[in-house]
Protein chains: 2
Amino acid sequence: MCDTCGCEHHPQEQEPVTAQRIPVVQKILNANDQAAQENREHLKAHGITAFNFMSSPGAGKTTLLLATIAALRERFRIGVIEGDTASQVDAEIIAATGTPVVQINTGGGCHLDAPMVHSALHALPLDALDVAFIENVGNLICPVSFDLGQDYRVALLSVPEGHDKPYKYPAIFEAVDVVVVTKTDLMPYLDFDLPKFTELVWGLNPAASVLPLSAKTGEGMAAWLAWVEARLG
Amino acid sequence: MCDTCGCEHHPQEQEPVTAQRIPVVQKILNANDQAAQENREHLKAHGITAFNFMSSPGAGKTTLLLATIAALRERFRIGVIEGDTASQVDAEIIAATGTPVVQINTGGGCHLDAPMVHSALHALPLDALDVAFIENVGNLICPVSFDLGQDYRVALLSVPEGHDKPYKYPAIFEAVDVVVVTKTDLMPYLDFDLPKFTELVWGLNPAASVLPLSAKTGEGMAAWLAWVEARLG
């Protein structure tokens, strides 16, 4: 018995401690799934293929988007939805390329949800697009629980984050269609074990492609672009 | 009017799109604050100073903890609470140093909350501790909303994440007592602007210390250890 608060925990009985998600989340997710289905129909009606990019903050989502836009813009009409808790710095970077872009600010919220994306889709010229890239809020945990109506889910994991992340954040690696390992130019300065990382990802999700690349040096970009193009019209 | 779902959004009227947090969060936070206050009394009654480490995945929380334990363990009795969505790899690394440690697995949840920490405190030998280091779940957004009853809040931001993060994730930088810039050994290979980053942090939170360091090379560790020690005993 805890003498401060009167609870009945006993140290010896409960280690390791395991806490569960709050049950109210289920209701939110159901409402989200309905909106996601509407987004999916919307996108399909306009012939748009949509990709949902998810990663930790600073893993290189915007940099990969810029390199992808530069490589594909001559052949595909691209639109972007940028998600951030605050600011529109990323949207401004994308807009500077002449690409239609909408910024969603979640007001502190930790993920994009389908209704937010629905609103953003209305602000894009859907009839003039082939591809929508959705850059989620930087967060390796929450975004994966929210279907946005995308066709494909992309996880980015940067080399400096370490190859052990599938142990600690399995849900995202289980859920995505492709795992892009970014910032491979930093490999010489870090002890990132790519074979071990790939083994961990495939242990969770044997169907996922694992594509290492550096948007800075261009190494690995061809395979990534081929992966994207194979999924477009 | 949206022809797929019948909603009344009009593209021209609502850009940029701004979404708010779901209101149910407020209730959860109130219950959390009560548990945090109990934790605070608990820790105070045992003369323990507690630090809550928060950062993105892979920013170096565990590595900094290991270096801090190695430097302080002769003079202070240290206990650790490890938070992860899954696995106990970090707790095993800490336990190998002979430090009492409890692993909290959140079962997919994106942050530690005060009731989880309460349970973990019961599994630590509180009478035999001077310091508790709490390593939160790797997430730059959600953990900051949940007071754990700690005395000090520590944000880590690793050099590879980029100096623009205070624009996009302001809440954590506003809330903490110190911002540790980790992995400074990677500075030569990246364009991280430390003066700019410091300016952005101080624009949000003029009282925060900003301490750059590399736990790998030891550069900057003395200032960090001095900051911690000044808050002990």
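Computed from a prediction, not measured in an experiment: that's the story for all the values here. Residue indices begin from 1 for each chain and proceed along its sequence in written order. Key to labels: chains lettered from A, ligands numbered from 1, both in the order written. The predicted nature of this model means local features are confined to residues of pLDDT at least 70 and side-chain atom pairs, given and counted, to a pLDDT of 80 or more, with totals for whole chains, interfaces and linings taken over all residues. Only hydrogens and water are set aside when side-chain values are computed; all heavy atoms of the structure are taken into account.

Draft legend 1. Broad picture of the overall build of chain A. Counting from the N terminus, the helices are DSSP H or I runs at least four residues long and the strands are E runs at least two residues long. The helix and strand inventory of chain A stands at 8 helices and 8 strands. For every residue, the accessible area (1.4 Å probe, protein chains only) is compared with the maximum for its type, and the residue is labelled buried under 20%, exposed over 50%, or partly exposed between those bounds. Expressed as a percentage of its 233 residues, the buried residues of chain A come to 57%. Here chain A has roughly 9,200 Å² of accessible surface; of this, 53% comes from carbon and sulfur atoms. Exposure was quantified through the Shrake-Rupley algorithm and a 1.4 Å probe, taking into account, for residues, occlusion by the shown protein chains and nothing else.

Draft legend 2. Region of the structure containing the pattern of salt bridges. One side-chain nitrogen of Lys or Arg within 4 Å of one carboxyl oxygen of Asp or Glu is enough to make a salt bridge. Using the criterion set out here, one finds 14 salt bridges over all chains in the structure. A:Arg75 serves as the salt-bridge partner of A:Glu229, at 2.7 Å between the closest nitrogen and oxygen. One end of the pair, A:Glu229, is in helix 8 (residues 221-229); the other, A:Arg75, is in the loop between helix 2 (61-72) and strand 3 (78-84), and 154 residues separate them in sequence. Accessibility expressed as a relative area gives 26% for A:Glu229, which makes it partly exposed. Owing to a relative accessible area of 51%, A:Arg75 belongs among the exposed residues under this scheme. Residues joined in a network through salt bridges with shared partners are A:Asp90, B:Asp164, B:Lys165 and B:Lys168.

Draft legend 3. Local environment of the packing of aromatic side chains. Between 30 and 60 degrees the pair is tilted, below 30 it is stacked and above 60 it is edge-to-face, where a pair is any two Phe, Tyr or Trp rings, Trp via its six-membered ring, whose centres lie within 6.5 Å. Per the stated rule, a full pass over the model turns up 19 aromatic pairs over all chains. Ring geometry for B:Phe51 against B:Phe133: centres 5.5 Å apart, planes inclined by 45°, an arrangement best described as tilted. In this pair, B:Phe51 is assigned in strand 2 (residues 49-54) and B:Phe133 in strand 5 (residues 131-135), connecting sequence segments 82 residues apart. Their ring planes at 10° and their centres at 5.9 Å tell us that B:Trp224 and B:Trp227 sit as a pair that is stacked. Of this pair, B:Trp224 and B:Trp227 both sit in helix 8 (residues 221-229), 3 residues apart, which is roughly one turn of the helix. Among the aromatic side chains, those forming a connected cluster through ring pairs are A:Phe51, A:Phe53, A:Phe133, A:Tyr152, A:Trp224 and A:Trp227. Placement of a positive charge over a ring is assigned whenever Lys NZ or Arg CZ falls within 6 Å of the ring centre and within 35 degrees of the normal to the ring plane. Its end group placed over the ring of A:Tyr152, A:Arg231 keeps NZ or CZ at 5.6 Å from the ring centre.

Draft legend 4. Representation of helix 7 (residues 194-204) of chain A in the model. Residue and element names in this part refer to chain A. For helix 7, the complete set of buried residues consists of Phe-197, Thr-198, Leu-200 and Val-201. Along the axis of helix 7, the buried residues cluster in a sector spanning 160°; they form a single face. For helix 7, the exposed residues set more than 90 degrees away from the buried face come down to Pro-195, Glu-199 and Gly-203. In this structure, the buried residues of helix 7 make contact with strand 6 (152-158), helix 5 (165-168), helix 6 (170-175), strand 7 (178-182) and strand 8 (209-212). Any pair of nitrogen or oxygen atoms within 3.5 Å is treated as a polar contact; in protein, a donor-acceptor pairing is required on top of that, and neighbouring residues in sequence qualify only through side-chain atoms on both sides. Between the side-chain oxygen of the N-cap and the backbone nitrogen of Lys-196 there are 3.0 Å, and the N-cap of helix 7 in question is Asp-193. This arc is built from the directions going out from the helix axis to the C-beta atoms. Here a residue-residue contact requires only that any non-hydrogen atoms of the pair lie within 4.5 Å.

Draft legend 5. Spatial organisation of the packing of helix 2 of chain A against helix 8 of chain A. Residues and elements named next belong to chain A. For every element, the axis is a line fit to its C-alpha atoms; helices are fit only across the contacting stretch, and the angle between N-to-C directions ranges from 0 to 180 degrees. At a minimum axis separation of 11 Å, helix 2 and helix 8 run at an interaxial angle of 70°. For the element pair helix 2 / helix 8, the angle class is roughly perpendicular. Of helix 8, the residues touching helix 2 (which contributes Leu-64, Ala-67, Thr-68, Ala-71 and Leu-72) are Met-221, Trp-224, Leu-225, Val-228 and Glu-229. Note that Gly is not counted as nonpolar here; it falls among the polar residues with everything else outside the nonpolar set of Ala, Val, Leu, Ile, Met, Phe, Trp, Tyr, Cys and Pro and the charged set of Asp, Glu, Lys and Arg. Classifying every residue of the contact of helix 2 with helix 8 gives 8 nonpolar, 1 polar and 1 charged. For this classification, under 35 degrees means roughly parallel, over 145 means roughly antiparallel, 65 to 115 means roughly perpendicular, and everything else is oblique.

Draft legend 6. Seen up close, the nonpolar core. Nonpolar core, defined: a set of buried Ala, Val, Leu, Ile, Met, Phe, Trp, Tyr and Cys residues in which side-chain atoms within 4.5 Å join the residues together. Counting 78 residues, the largest nonpolar core has A:Phe197 and B:Phe197 as its most contacted members. With residues up to four places along the chain from it excluded, the contact list for B:Phe197 reads B:Leu157, B:His163, B:Pro166, B:Phe173, B:Val179, B:Val181, B:Phe192 and B:Val210.

Draft legend 7. Quick peek at the side chain of B:Thr68. All names here are of chain B. With respect to the helices, strands and loops of the structure, Thr-68 is situated in helix 2 (residues 61-72). For Thr-68, a relative accessible area of 0% puts it in the buried group. Other than its neighbours up to four places away in sequence, Thr-68 contacts Phe-133, Met-221, Trp-224 and Leu-225.

Draft legend 8. Local environment of helix 2 of chain A. All names here are of chain A. The length a helix should cover is 1.5 Å for every residue beyond the first. Look at helix 2: 16 Å from first C-alpha to last across 12 residues, which is about the 16 Å you get at 1.5 Å a residue. All buried positions along helix 2 are accounted for by Lys-61, Thr-62, Leu-64, Leu-65, Thr-68, Ile-69 and Leu-72. End-on view of helix 2: buried residues confined to an arc of 155°, all on one side of the axis.

Draft legend 9. View of the environment of A:Gly203. Residues and elements named next belong to chain A. With respect to the helices and strands, the residue Gly-203 is situated in helix 7. A relative accessible area of 63% means that Gly-203 is categorised as exposed. Sequence spacing of Gly-203 and Phe-173 is 30 residues, and the spatial spacing of their C-alpha atoms is 9.6 Å.

Draft legend 10. Up close: the confidence of the model for chain A. Residues and elements named next belong to chain A. On average, chain A scores 90 in pLDDT, and the residues at 70 or more come to 88%. The predictor reports its confidence for every residue as pLDDT, a score running from 0 up to 100. Taken as a whole, residues 1-23 scores under 50 in pLDDT and shows 48 contacts with residues more than four places along the chain or in a different chain. What the predictor reports for the complex is a pTM of 0.88 with an ipTM of 0.85.

Draft legend 11. Spatial organisation of the pairing of strand 5 (residues 131-135) of chain A. Residues and elements named next belong to chain A. Most of strand 5 sits inside the fold, with 5 of its 5 residues counted as buried. Side chains Val-131, Phe-133 and Glu-135 project from strand 5 onto one buried face, and the interleaved Ala-132 and Ile-134 project onto a second face that is buried too. DSSP bridges decide pairing: two strands pair if at least two such bridges lie between them. The pairing of strand 2 (residues 49-54) with strand 5 spans 5 bridges and is parallel. From the neighbouring strand, Ala-50 faces strand 5, where its bridge partner is Ala-132. As defined by bridge partners, strand 3 adjoins strand 5 across 5 bridges and the pair is classed as parallel. For Ile-78, the partnering residue across the bridge sits in strand 5 and is Val-131.

Draft legend 12. Quick peek at unusual backbone geometry. Residue and element names in this part refer to chain A. In this structure, Lys-183 is a non-glycine residue whose phi angle is positive, near 60°. Relative to the helices and strands, Lys-183 resides in the loop between strand 7 and helix 7. In this structure Lys-183 comes out as buried when scored by relative accessible area, which is 16%.

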